[in-house]
Amino acid sequence: MKLAYDIKDKPKFGQLIIFAFQQLLAILAATIAVPSIVGNGMSQSAALFGAGVGTIVYLLFTKFRSPVFLGSSFAFLGSMFAAFAGAVSVEAGYAGIIIGAAFAGLVYVAIAIIVKVAGVKWIDKLMPAVVIGPTVSIIGLSLAGNAVGDALKFAENDGSGFEMGLHGWLGFICALITLFVVMICSVFGKKMAKLIPFIIGILAGYAVAAIFTVIGTKTNNPELIIIDFSVFSNMKVVAIPDFTFIKAAKGLSAVNGKYIATIAVAYIPVAFVVFAEHIADHKNLSSVVNKELLEDPGLHRTLLGDGVGSIVGAVFGGCPNTTYGESVGCVAITGNASIVTILTTAVMAIVISFFGPFVTFLSTIPACVMGGVCITLYGFIAVSGLKMIQKVDLDQNKNLFVVAVILISGIGGMTLKIGAVTLTEIACALILGIITNVILSRKKDDVVEETAE
């Protein structure tokens, strides 16, 4: 695709701050959602700090050539739950999630060494476009339910559909306004409007939600209230994030060999699953920036950056990091692949984690508004995967079956639990796709003969 800013381009300072803020908005919801889901007192601001530091580590290892932000990984949710469940105390659980992140990071380091020695051509043979394309699509499609669920956050879902009601309709209106403002700015916008559609869209949706909320507060009608402004009442202007390593230090003495073995079993297998997603993300990003990132800076460097970045991020925020599809989607839609923008986003995440009012404001952005944004972000990921198979000959049954197996198993939600390990739908779809391709690729292409008239 045509980029407004290439990897080495440096936007002007004022524009840079705005672009970085947009990237931050794109990755924010997912990054702070992981500590919220895990609970046990995990800090959202610490996770944001860890994501910023982890991204800087990633950029250093990749020689500032791969424009993507690293955020909290959902793949390790089960592992983090296991770390706390098997600990004798919450503090020991904090020590466990850091140890677990170290195990996962070391898996990445080991694979990076193998890749450095063996090269990446085997990956191209194992995962050609016919495999990696639909897998990338699954990454976006697997998140579709999250986007729609957020957009209809205030509606009641009885299992057969969403029962709207006034509250549901108002939230959905906010989502639609956000969605259409993003699309209109991206398609019809001039100059800056075309480059910051997410900021404009989120501000538009937030403004409408704020109007509904003010009216609801004045009329004492809770169905009109979309934003919870009460969180500002107990806000601290400057607050040091509750870093994970501080709590972990208190529980380290309770960590024994048996618990470490439990942590290893919970984290190491998941790291191999996330490795497959790592490749899919970077293949997708490569198609966006018109450069094969698995060769330059190289898969070994992206793996090292991801692995070490995860360890460092977990030390501060507890959450292993991963490259974010939302970040890739933001780069794709805006055409801004500037590495300086990603670096500035990382620094901004670190600084903002100390600033109470800003963290609080970001936390008040309604889920319905973020749902409107995510419909475009996740949709772009899905479509970019489909673009990868444009040159694949789907008239050949062997290719058709590979794509079909990946799409159906992924969209169908094929998630397998094997002991303490959960294979996500993305991992299952990719593994089945690889196996199908290996078996069927032995068949030579069918030659279609044209009958002369």
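Rules used in this analysis
- Position numbers for residues count from 1 along each chain, tracking the sequence in the order it is written.
- Local features are withheld for residues below a pLDDT of 70 in this predicted model, meaning they are given only at 70 or higher, and side-chain atom pairs are given and counted only at 80 or more; totals for whole chains, interfaces and linings count all residues.
- Neither water nor hydrogens contribute to the side-chain values; these are computed over all heavy atoms in the structure.
- Helix and strand labels come from DSSP, where a helix needs a run of H or I of at least four residues and a strand needs a run of E of at least two; each type is numbered from the N terminus.
- Here the globule rule reads 2.2 Å times residues to the power 0.38, and the radius of gyration is calculated from C-alpha atoms.
- The rule is simple: take the accessible area with a 1.4 Å probe, protein chains only, and divide by the maximum for that residue type; under 20% is buried, over 50% is exposed, in between is partly exposed.
- Should any heavy atoms of two residues lie within 4.5 Å, those residues are considered in contact.
- Between N-to-C directions, angles cover 0 to 180 degrees, with each direction set by a line fitted to C-alpha atoms, over the stretch in contact for helices.
- Working rule for angles: under 35 degrees goes down as roughly parallel, over 145 as roughly antiparallel, 65 to 115 as roughly perpendicular, anything else as oblique.
- All amino acids are sorted into three groups, where Ala, Val, Leu, Ile, Met, Phe, Trp, Tyr, Cys and Pro are nonpolar, Asp, Glu, Lys and Arg are charged, and the leftover types, Gly among them, are polar.
- Patch building starts from residues that exceed 30% relative accessible area and form no salt bridge, then joins like charges within 9 Å and nonpolar side chains (Val, Leu, Ile, Met, Phe, Trp, Tyr) within 5 Å.
- Accessible areas in this description were obtained via Shrake-Rupley with a 1.4 Å probe; residue shielding takes into account the shown protein chains only.
- For this document, the term salt bridge refers to a Lys or Arg side-chain nitrogen within 4 Å of an Asp or Glu carboxyl oxygen.
- The rule is short: rings of Phe, Tyr and Trp, with Trp giving its six-membered ring, pair when the centres are within 6.5 Å, and they are stacked under 30 degrees, edge-to-face over 60, tilted in between.
- The disulfide criterion used throughout: a pair of cysteine sulfur atoms within 2.5 Å.
- Expected span of a helix, by definition, is 1.5 Å for each gap between consecutive residues, and there is one gap fewer than residues.
- The seven residues ending at a residue and the seven starting there each receive a fitted axis; the angle between those axes is the bend at that residue.
- Confidence scores here are pLDDT values: one per residue, from the predictor, ranging 0 to 100.
- Definitions for this section: a left-handed crossing has its near helix turned counterclockwise from the far helix by less than a right angle. A right-handed crossing has that turn clockwise.

**Student:** If you had to explain the overall build of the protein to someone new, which residues and values would you point to?
**Tutor:** Scanning the protein from terminus to terminus reveals 19 helices and six strands. For the protein, the C-alpha radius of gyration of 22 Å lies close to 22 Å, the compact-globule estimate for 453 residues. Along the longest, intermediate and shortest principal axes, the C-alpha atoms of the protein span 75 × 65 × 50 Å. Each of the 453 residues in the protein was classed as buried or not, and the buried ones make up 53%. Pairs at least 24 apart in sequence give 80% of the contacts found in the protein among residues at least 6 apart.

**Student:** Before we move on, could you go through the packing of helix H14 (residues 325-334) against helix H17 (residues 367-388) and cite the residues and values that matter?
**Tutor:** Geometrically, a packed helix pair is captured by the angle between its two axes and the distance between the axes. Between H14 and H17, the least distance of the axes is 8 Å, while the angle of their chain directions is 85 degrees. When the axes of H14 and H17 are compared, the pair comes out roughly perpendicular. Only Thr376, Leu377, Tyr378, Phe380 and Ile381 of H17 make contact with H14, whose side of the interface consists of Gly325, Glu326, Gly329, Cys330, Ala332 and Ile333. Residues belonging to the contact of H14 with H17 are distributed by class as follows: seven nonpolar, three polar and one charged.

**Student:** Can you explain the side chain of Ser327? Please cite residues and give values.
**Tutor:** Relative to the helices and strands, Ser327 is located in helix H14. Apart from residues no more than four positions distant in its own chain, Ser327 is found in contact with Gln23, Ile27, Val68, Phe69 and Ile342.

**Student:** An account of a nonpolar patch on the surface is needed here, citing residue identities and associated values.
**Tutor:** On the surface, Leu176, Phe180, Met183, Ile184, Val187 and Phe188 cluster together into a nonpolar patch covering about 580 Å² of accessible area. Along the chain, Val187 falls in helix H8 (residues 165-188). For Val187, a relative accessible area of 56% gives the class exposed.

**Student:** Tell me about the side chain of His278, and name the residues and values.
**Tutor:** Of note, His278 is situated in helix H12 (residues 257-289). What His278 contacts, discounting residues up to four positions off in sequence, is Tyr108, Leu299, Thr302, Leu303 and Asp306.

**Student:** Which residues make up the packing of aromatic side chains, and what are the values?
**Tutor:** Summed over all chains, the structure comprises 12 aromatic pairs. Their ring planes at 80 degrees and their centres at 5.7 Å tell us that Phe49 and Phe354 sit as a pair that is edge-to-face. You can see Phe49 sitting in helix H2 (residues 44-61) and its partner Phe354 sitting in the loop between helix H15 (339-352) and helix H16 (356-363), a full 305 residues away along the chain. According to the relative accessible area criterion, Phe49 is buried, its value standing at 10%.

**Student:** Help me get a handle on the state of the cysteines, residues and values and all.
**Tutor:** Applying the stated criterion across every chain, the model contains zero disulfides. With no disulfide of its own, Cys319 has Cys374 as its nearest cysteine by sulfur position, at a separation of 18 Å. When its relative accessible area of 6% is taken as the criterion, Cys374 is described as buried.

**Student:** Explain the pattern of salt bridges to me, using residue names and the numbers behind them.
**Tutor:** Tallying each qualifying case throughout the model produces four salt bridges. Residue Lys247 pairs with Asp242 through a salt bridge whose shortest N-O separation is 3.1 Å. Classification of Asp242 by relative accessible area gives partly exposed; the value is 36%. Taking the shortest distance from any N to any O, the salt bridge between Lys291 and Asp296 comes out at 3.4 Å.

**Student:** I'd like to hear about H17, residue by residue, with values.
**Tutor:** Taking 1.5 Å per residue as the helical rise, H17 with its 22 residues ought to reach 32 Å, and the 31 Å between its terminal C-alpha atoms agrees with that figure. Along its length, H17 shows its largest kink, about 30 degrees, at Val373.

**Student:** Outline the confidence of the model for the protein, listing residues and values.
**Tutor:** Should the pLDDT be low somewhere, the predicted coordinates at that spot are not to be read in detail. Overall, the prediction assigns the protein a mean pLDDT of 86, with 97% of residues at 70 or greater. Mean pLDDT values over the elements of the protein span from 65, in strand E6 (residues 421-423), up to 95, in H15.

**Student:** Residue-level account of the packing of helix H6 (residues 129-141) against helix H19 (residues 425-440), with values.
**Tutor:** Running from amino to carboxyl end, H6 crosses H19 at an angle of 165 degrees, the nearest separation of the two axes being 10 Å. Taken together, the axes of H6 and H19 lie roughly antiparallel to each other. Crossing angle aside, the handedness with which H6 passes H19 is right-handed. Between H6 and H19, the residues in contact are Val130, Val131, Thr135, Ile138 and Ile139 and Ile426, Leu430, Gly433, Ile434 and Asn437, respectively.

**Student:** Just give me the short version of the environment of Ile32, but keep the residues and values in it.
**Tutor:** Relative to the elements of secondary structure, Ile32 occurs in helix H1 (residues 13-38). With relative accessibility at 13%, the residue Ile32 sits in the buried group. Separated by 285 residues in the primary sequence, Ile32 and Gly317 place their C-alpha atoms 9.9 Å from one another.

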